[in-house]
Number of protein chains: 2
Amino acid sequence: MNMKVRVMSDILKANDLLARDIENLLREKSIVSWNIMGSPGAGKTAVLERLIPMLPRDVRVAVIEGDLATSNDAERIAKTGVQSAQINTNGACHLDAAMVRSALDSLDLDGLSLLFIENVGNLVCPSSFQLGERGRIIVTSVTEGDDKPEKYPSMFKTADLVILNKMDLQSSTNFNMAYFKRGMEGTNPEAEVIAVSSTKGDGFDQLLNWIVKRLY
Amino acid sequence: MNMKVRVMSDILKANDLLARDIENLLREKSIVSWNIMGSPGAGKTAVLERLIPMLPRDVRVAVIEGDLATSNDAERIAKTGVQSAQINTNGACHLDAAMVRSALDSLDLDGLSLLFIENVGNLVCPSSFQLGERGRIIVTSVTEGDDKPEKYPSMFKTADLVILNKMDLQSSTNFNMAYFKRGMEGTNPEAEVIAVSSTKGDGFDQLLNWIVKRLY
């Protein structure tokens, strides 16, 4: 192994160890956590803004927001009335387990049922870093085009659920649903795909059902 | 410096040396090169597909396409009748100078005036890697939202030109042009911004003019 590969491998190993600690902590507390990933502007925060108010009252939710800069997203989430914590990565292209571990310290975990960890907007780097999550959700959008699963396979391969957002704009684009689904079949046939519009609300009943079925 | 920082610093130094060689080679041959960066699906290839046929006949053009996987984009560019070369990064989140150097070997550089290097779709990682380019162009789109300059400052800081694409969809989004322009002012007041629609053609006369004015 050359130096770069060896250092990356050491970094990933250290990250995975810490991720396992987080996973154990969350399991002990019966908290289900989802690592939400996607391109810049795919609508990750917008999906959460619409979904969170639909959740049953007795489901306590917290959100960790990852961004290079600004606290815009944590402020948007705070308006839904749930706990939120902002991580600024200061240039790093993904969250890592240490960042999540330290954000967890700023949240009240008692009685929490559901934790969303919104990763940095990036369709490449976040896929290599375990965060102790129960599973992974990719938000992609029709305006990004129907070829994303085949062009960014390392990311789409790791998803449990793909939320296809901005369906209200589909008729204004050349997005081909059959082509997109073939790309998903070829890349990750196990992942579920739910098509939604975070501005109009279409598809959110199905998304809510998917999330609620997977609570402890 | 810790090990990770030291290795990254060595990698960047080696990259910059090779980038300088590329820059010298292109200058000798009077080839102007632009590093085109942006989110997945911002429309980088679509902008080139519309722009290239508008260029004067005597401007010889080549395009290097960078992607994690597939040769979709090089095939799209080949249809415009210009030379194209595809780089697959096999997981890497950005192009580097060595990849560009090897792609240049597959192109006929004699008589070439203009080289577009389309980077991997990513609004973070490509900014750190010089490719020997004359300058940098970011393609962003109204569907990604008006907050991208402030949320991805490391990228927007390095741009000479920002192409704001998908203007035909603006009325279907909550994109606020004044907010976007304030974000650009705060991040990179020197960069020019040209608003376009790659599907309808709006703004391409201005873009063509910007490119042609900067030829040797």
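All values reported here derive from a predicted model rather than from experimental measurement.

Draft legend 1. Broad picture of the overall build of chain A. Each helix and strand counted, chain A has eight helices and seven strands in total. Taking the principal axes of the C-alpha coordinates as reference, chain A spans close to 50 × 45 × 30 Å. Looking at chain A residue by residue over its 216 residues, the buried ones come to 56%. Residue pairs in contact within chain A that sit at least 24 positions apart in sequence constitute 72% of those at least 6 positions apart.

Draft legend 2. A look at the pairing of strand 5 (residues 135–141) of chain A. All names here are of chain A. Most of strand 5 is tucked away, with seven of its seven residues classed as buried. Residues of strand 5 alternate between two faces, with G135, I137, V139 and S141 on one and R136, I138 and T140 on the opposite face, all of them buried. Pairing geometry for strand 5 and strand 6 (residues 161–165), over five bridges, is parallel. Looking across to strand 6, one finds that T140 is bridged to L164.

Draft legend 3. Focus on the sheet that holds strand 2 (residues 61–67) of chain A. All names here are of chain A. The strand order across the open sheet formed by seven strands is 3-2-4-1-5-6-7, and the pairing between neighbours is parallel. Either end of the sheet is taken by a strand with one partner, and the two such strands are strand 3 (83–88) and strand 7 (192–195). Taken over all neighbouring pairs, the strand axes of this sheet differ in orientation by 20° on average, direction set aside. Of the strands in this sheet, strand 2, strand 3 and strand 4 (114–118) touch helix 4 (residues 97–105), which is tilted by about 145° from strand 3.

Draft legend 4. Fine view of helix 7 (residues 177–187) of chain B. Residues and elements named next belong to chain B. Along helix 7, the positions that sit buried rather than exposed are F180, G183, M184 and T187. All buried residues of helix 7 lie within an arc of 100° about the axis, which places them on one face of the element. Turned more than 90 degrees from where helix 7 packs its buried face, R182, E185 and G186 sit exposed. Where helix 7 is buried, its residues touch strand 5 (135–141), helix 5 (148–151), helix 6 (153–156), strand 6 (161–165) and strand 7 (192–195). Taking the backbone nitrogen of A178 as reference, a side-chain oxygen 3.0 Å away marks N176 as the first, capping residue of helix 7.

Draft legend 5. Structural context of the packing of aromatic side chains. Residues and elements named next belong to chain A. This model, assessed by the stated rule, comprises four aromatic pairs over all chains. Ring geometry for W34 against W210: centres 4.9 Å apart, planes inclined by 50°, an arrangement best described as tilted. Separated by 176 residues along the polypeptide, W34 in strand 1 (residues 32–37) and W210 in helix 8 (residues 204–213) bring together distant segments of the chain. Judged by relative accessible area, W34 falls into the buried class, the value being 2%. Arranged with centres 5.5 Å apart and planes meeting at 45°, the rings of F175 and F180 form a pair that is tilted. Relative accessible area serves as the criterion here: at 0%, F180 is assigned to the buried category.

Draft legend 6. Broad picture of the interface of chain B and chain A. Of the residues lining the interface, 35 residues belong to chain B; the matching set on chain A comes to 36 residues. Carbon and sulfur atoms make up 62% of the area that chain B and chain A hide from each other, which totals about 2700 Å². Scanning the region where chain B abuts chain A turns up four salt bridges. Close ionic contact of B:D67 with A:K151 constitutes a salt bridge, the shortest N to O distance being 3.4 Å. The tally of links from chain B across to chain A stands at nine residue pairs in polar contact (both at pLDDT 80 or more). Where the side of chain B that touches chain A is concerned, the elements lending two or more residues are helix 1 (3–28), helix 3 (72–78), helix 5 and helix 6 of chain B. Per-element accounting of the side of chain B that touches chain A gives the leading share, four residues, to helix 1 of chain B. Looking at the side of chain B that touches chain A residue by residue, the classes come out as 15 nonpolar, eleven polar and nine charged.

Draft legend 7. Broad picture of the layout of surface pockets. Within this model, the largest pocket holds a volume of roughly 950 Å³. Around the largest pocket, the lining is made up of 31 residues, and of these A:M8, A:C93, A:C125, B:M8 and B:C93 lie nearest the centre. Of all the elements in the fold, those that place two or more residues in the lining of the largest pocket are helix 1 (3–28) of chain A together with helix 1 of chain B. Partitioned by chemical class, the residues of the lining of the largest pocket number 18 nonpolar, ten polar and three charged.

Draft legend 8. Region of the structure containing the packing of helix 2 (residues 44–51) of chain B against helix 8 (residues 204–213) of chain B. All names here are of chain B. Relative to each other, helix 2 and helix 8 sit at 85°, their axes nearing to 11 Å. Accordingly, the angle class assigned to the pair helix 2 and helix 8 is roughly perpendicular. From helix 2, V47, R50 and L51 reach across to helix 8, where they touch F204, L207, L208 and I211. Its residues placed into classes, the contact of helix 2 with helix 8 shows six nonpolar, no polar and one charged.

Draft legend 9. Spatial organisation of the pattern of salt bridges. Tallying each qualifying case throughout the model produces 18 salt bridges over all chains. Taken together, the shared-partner salt bridges connect A:E49, A:D67, A:D73, A:R76 and B:K151 into one network.

Draft legend 10. Molecular detail of the sheet that holds strand 2 (residues 61–67) of chain B. Residue and element names in this part refer to chain B. The strand order across the open sheet built from seven strands is 3-2-4-1-5-6-7, with neighbouring strands paired in parallel fashion. Only two strands of the sheet have a single neighbouring strand rather than two, namely strand 3 (83–88) and strand 7. Each neighbouring strand pair of the sheet contributes to a mean axis angle of 20°, computed without reference to strand direction. In the packing of helix 4 (residues 97–105) onto the sheet, contacts are made with strand 2, strand 3 and strand 4 (114–118), and the angle to strand 3 comes to roughly 140°. Sheet contacts for helix 8: strand 1 (32–37), strand 4, strand 5, strand 6 and strand 7; angle to strand 7, the most-contacted strand, approximately 145°.

Draft legend 11. Looking closely at the side chain of B:N122. All names here are of chain B. Of note, N122 is situated in the loop between strand 4 and strand 5. What makes N122 buried here is its relative accessible area of 1%. From its side chain, N122 meets the backbone oxygen of C93 in a polar contact 3.4 Å long. At 2.8 Å, the side chain of N122 and the backbone nitrogen of V124 are in polar contact.

About the criteria used
- Residues numbered from 1 in each chain as written.
- Chains lettered and ligands numbered in written order.
- Predicted model: local features only at pLDDT ≥ 70, side-chain atom pairs only at ≥ 80, totals over all residues.
- Heavy atoms only, no water.
- Helix = DSSP H or I, 4+ residues; strand = E, 2+ residues; numbered from the N terminus.
- Buried < 20%, exposed > 50% of the residue type's maximum accessible area, 1.4 Å probe, protein only.
- Contact = heavy atoms within 4.5 Å.
- Pairing = 2+ DSSP bridges.
- Axes fitted to C-alpha atoms, helices over the stretch in contact; angles between N-to-C directions.
- Arc of directions from axis to C-beta.
- Polar contact = N/O pair within 3.5 Å; in protein donor to acceptor, adjacent residues only side chain to side chain.
- Phe/Tyr/Trp six-rings, centres within 6.5 Å; stacked < 30°, edge-to-face > 60°.
- Buried area = accessible area lost by both parts, 1.4 Å probe.
- Salt bridge = Lys/Arg side-chain N within 4 Å of Asp/Glu carboxyl O.
- Nonpolar A, V, L, I, M, F, W, Y, C, P; charged D, E, K, R; others polar.
- 1 Å grid on protein atoms, 1.4 Å probe; cavity = no way out; pocket = protein on both sides within 12 Å on 5 of 7 lines; lining within 4 Å.
- Points joined across faces, edges and corners; volume = space filled by probe spheres on them.
- Parallel < 35°, antiparallel > 145°, perpendicular 65-115°, else oblique.

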